[in-house]
Amino acid sequence: MARADSMRAVLFYAPGDLRLVEAPLPKAGPGEVVVKIKAALTCGTDFKAYRQGHPVLLAHTPSPFGHEMAGIITEVGEGVTTLWEGQRVVVLNSAPCDRCFFCEQGTPELCEHLALLNGAYAEYIRVPPHITRHNVHPLPEHSSFHAAALAEPFACALHAVDKMRIQPGETIAVIGAGNTARLLIFALKAAGARVLIMGRNPERLRLAIAAGADEVIDLTRESDGTAAVRRRTAGGRGAGGVIEAVGKPETWVMSMGMVRKGGRICLFGGCAAGSKVELDTHRIHYDEITLFGVFHHRPAHVRQALEVLSNGAVPPELLIDREISLEEVVPFFAANRDASTLKAAVIM
Ligand SMILES: [Zn+2]
Ligand SMILES: [Zn+2]
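Residues numbered from 1 in each chain as written. Chains lettered and ligands numbered in written order. Predicted model: local features only at pLDDT ≥ 70, side-chain atom pairs only at ≥ 80, totals over all residues. Heavy atoms only, no water.

**A short note on the sheet that holds strand β2 (residues 17-24)**
The 3 strands lie next to each other as β2-β1-β4, forming an open sheet whose pairing is antiparallel. Either end of the sheet is taken by a strand with one partner, and the two such strands are β2 and β4 (63-64). In terms of strand pairing, strand β1 (residues 6-14) meets β4 through 2 bridges, oriented antiparallel. Bridged to Phe12 within β4 is Ser63. (Pairing = 2+ DSSP bridges. Helix = DSSP H or I, 4+ residues; strand = E, 2+ residues; numbered from the N terminus.)

**Comments concerning the sheet that holds strand β12 (residues 239-244)**
Read from one edge of the open sheet, 6 strands run β11-β10-β9-β12-β13-β14, paired in parallel fashion. Strand pairing shows two members of the sheet lacking a second neighbour, β11 (215-218) and β14 (290-293), which therefore form its edges. Adjacent strand axes in the sheet meet at a mean angle of 20° when their direction is disregarded. For strand β9 (residues 171-175) and β12, the ladder comprises 4 bridges, and the chain directions are parallel. Along β12, the bridge assignment pairs Ile175 with Glu244. (Axes fitted to C-alpha atoms, helices over the stretch in contact; angles between N-to-C directions.)

**Topic: the coordination of the zinc ion (ligand 1)**
Those donors, Cys43 (SG), His67 (NE2) and Glu68 (OE), are the protein atoms that reach the zinc ion (ligand 1), and they lie 2.1 to 2.4 Å from it. We note that the donor set of the zinc ion (ligand 1) lies within a single chain, spaced as C-x23-H-E. With a gap of 25 residues between them, Cys43 in the loop between β3 (33-41) and α1 (44-52) and Glu68 in strand β5 (residues 68-76) connect regions that are remote in the sequence. The class of Glu68 is buried, set by a relative accessible area of 1%. (Donors = N, O, S within 2.8 Å, 3.2 Å for Na, K, Ca; no water. Buried < 20%, exposed > 50% of the residue type's maximum accessible area, 1.4 Å probe, protein only.)

**What to know about the coordination of the zinc ion (ligand 2)**
Coordination of the zinc ion (ligand 2) by the protein is provided by Cys97 (SG), Cys100 (SG), Cys103 (SG) and Cys111 (SG), with metal-donor distances spanning 2.3 to 2.4 Å. If you look at the zinc ion (ligand 2), its 4 donor atoms make angles of 100 to 117° with each other, and the shape they trace is tetrahedral. (Tetrahedral: all angles 85-135°; square planar, octahedral: opposite > 155°, others 65-115°.)

**Let's talk about helix α6 (residues 179-190)**
Taking 1.5 Å of rise per residue, 12 residues should cover 16 Å, and α6 covers 17 Å from first to last C-alpha, within 8% of that figure. Burial analysis of α6 places 9 of its 12 residues in the buried class, the great majority of the element. Every buried residue belonging to α6 is among Asn179, Ala181, Arg182, Leu183, Leu184, Ile185, Phe186, Ala187 and Leu188, and all of these are buried. Positive backbone phi, approximately 90°, marks Gly192, located one or two places after α6. (Expected span 1.5 Å × (residues − 1).)

**Overview of unusual backbone geometry**
Trans is the common state for peptide bonds, and a negative phi is the common state for residues other than glycine. Here the residue pair Thr61 and Pro62 is connected by a cis peptide bond, since its omega of -5° sits within 30 degrees of zero. Following the sequence through the fold, Pro62 ends up in the loop between α1 and β4. Notably, Asp98 is not glycine yet its phi reads approximately 75°, a positive angle. With respect to the element layout, Asp98 can be found in the loop between β6 (88-91) and α2 (101-104). Given a relative accessible area of 43%, Asp98 falls into the partly exposed group. The phi dihedral of Glu288 is positive, around 50°, even though this residue is not glycine. Position of Glu288 among the secondary structure elements: in the loop between α10 (281-286) and β14.

**Quick word on the packing of helix α5 (residues 151-164) against α6**
Where α5 contacts α6, the two axes come as close as 9 Å, and the packing angle between them is 50°. Here α6 runs oblique to α5, going by the angle between their axes. The crossing of α5 and α6 is right-handed. Mapping the contact onto sequence places Pro153, Phe154, Ala157, Leu158, Ala160 and Val161 in α5 and Leu183, Leu184, Phe186, Ala187 and Leu188 in α6. Grouping the constituent residues of the contact of α5 with α6 by class yields 11 nonpolar, no polar and no charged. (Parallel < 35°, antiparallel > 145°, perpendicular 65-115°, else oblique. Left-handed = near helix turned anticlockwise from the far one by under 90°. Contact = heavy atoms within 4.5 Å. Nonpolar A, V, L, I, M, F, W, Y, C, P; charged D, E, K, R; others polar.)

**Focus: the layout of surface pockets**
Here the second largest pocket defines a volume of roughly 450 Å³. As for the second largest pocket, its lining consists of 28 residues, and the residues nearest its centre are Pro64, Leu117, Asn118, Gly119 and Ile125. Sorting the residues of the lining of the second largest pocket by element identifies β1, β2, β4, β7 (124-127) and α3 (129-134) as the ones contributing at least two each. The greatest single-element share of the lining of the second largest pocket, amounting to 4 residues, is contributed by β1. (1 Å grid on protein atoms, 1.4 Å probe; cavity = no way out; pocket = protein on both sides within 12 Å on 5 of 7 lines; lining within 4 Å. Points joined across faces, edges and corners; volume = space filled by probe spheres on them.)

**Remarks on the nonpolar core**
By size, the foremost hydrophobic cluster in this structure holds 53 residues, and its most contacted members are Phe154, Val174, Leu184, Leu188, Ile197, Ile243 and Phe268. When residues of this core are traced back to their parent elements, those giving at least two are β3, α4 (145-148), α5, β9, α6, β10 (194-199), α7 (202-210) and α11 (299-310). Tallying contributions element by element places α5 first for this core, with 9 residues. If we ignore the near neighbours within four places in the chain, the residues touching Val174 are Ala181, Leu184, Leu188, Val195, Leu196, Ile197, Met198, Ile243 and Ala245. By size, the runner-up hydrophobic cluster in this structure holds 35 residues, among which are Ala40, Phe47, Leu58 and Phe333. (Core = buried A, V, L, I, M, F, W, Y, C linked by side-chain atoms within 4.5 Å.)

**Things to note about the packing of α5 against α11**
Orientation of α5 relative to α11, taken along the N-to-C sense of each, is 110°, at an axis distance of 8 Å. Considered as vectors, α5 and α11 are oriented roughly perpendicular to each other. Crossing hand, α5 versus α11: right-handed. Between α5 and α11, the contacting residues are Ala151, Phe154, Ala155, Leu158, His159 and Asp162 on the first element and His301, Val302, Gln304, Ala305, Leu306, Val308 and Leu309 on the second. Along the lines of polarity and charge, the residues of the contact of α5 with α11 split into 9 nonpolar, 3 polar and 1 charged.

Listed below in structure tokens is the structure:
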């Protein structure tokens, strides 16, 4: 039984070392709120951090852990006027500062003060002022906590699709078929694209179709992904755009062959630090290929994500594999070390 001034929280001590501990109950300072977490989602980033650590996210150990969450406000700090106790909300893991060069340029995802918030695997979280101001969003009445917690990863997918500037009906090929790819499918279909998904796992390819992909390419049967995409586009020209959602140098390179002349390549999957790729300069120059990276999300994408999620357009059962309790978080990470694409909802 927890004391009245403490709570249970999962902390990250070192790679492979998570512990469920008693921690002090957080208090809301000026401009802050405290949220009782009702649902937190595991994410590929968490699994990666669990295996390797994370120089930015988990700089000081033991560190709070987990970043996709929704819950109920239990305390409102001095000066907070737009949120109140008892409100059901989704809490994002960052918010722009509004003052730096990049915020002023209209690229808040590149904000120089994008201090990321961890601590979703806990009974309560204290939300710092910059996030309280911009990125704590009330939930529509009928939306569930675990569906709303998808706002963070879905906002990242919407950001990528926004940057793609989709022409209605054009073909977009996605390399990868995991959870992220499914979120991209929902975002791409909403933008009017024809979506081709590439992967190797039959269950994931089946889920891609259930999520609305127009066609899937099973790379265990058609090993040449470039030829497979070209076969499925008019005149064998290639896709109008490609989204790389794996994060491996070889798939970054593979994406280059799949686009038509004038096509765009969105490099969505982050590779390991220090990775290098070799690019076909001739292709980029003469065929006017645009390559761009995309990172994180903007508050506008979060609002858009919540709107789509509350319409029921994204069935959470296609994205969340299972429900677990807070007590099961540590064994769940230990047992699924390498299964980064599993997404569990921690229900509290
Ligand atoms: Zn995440
Ligand atoms: Zn900023």
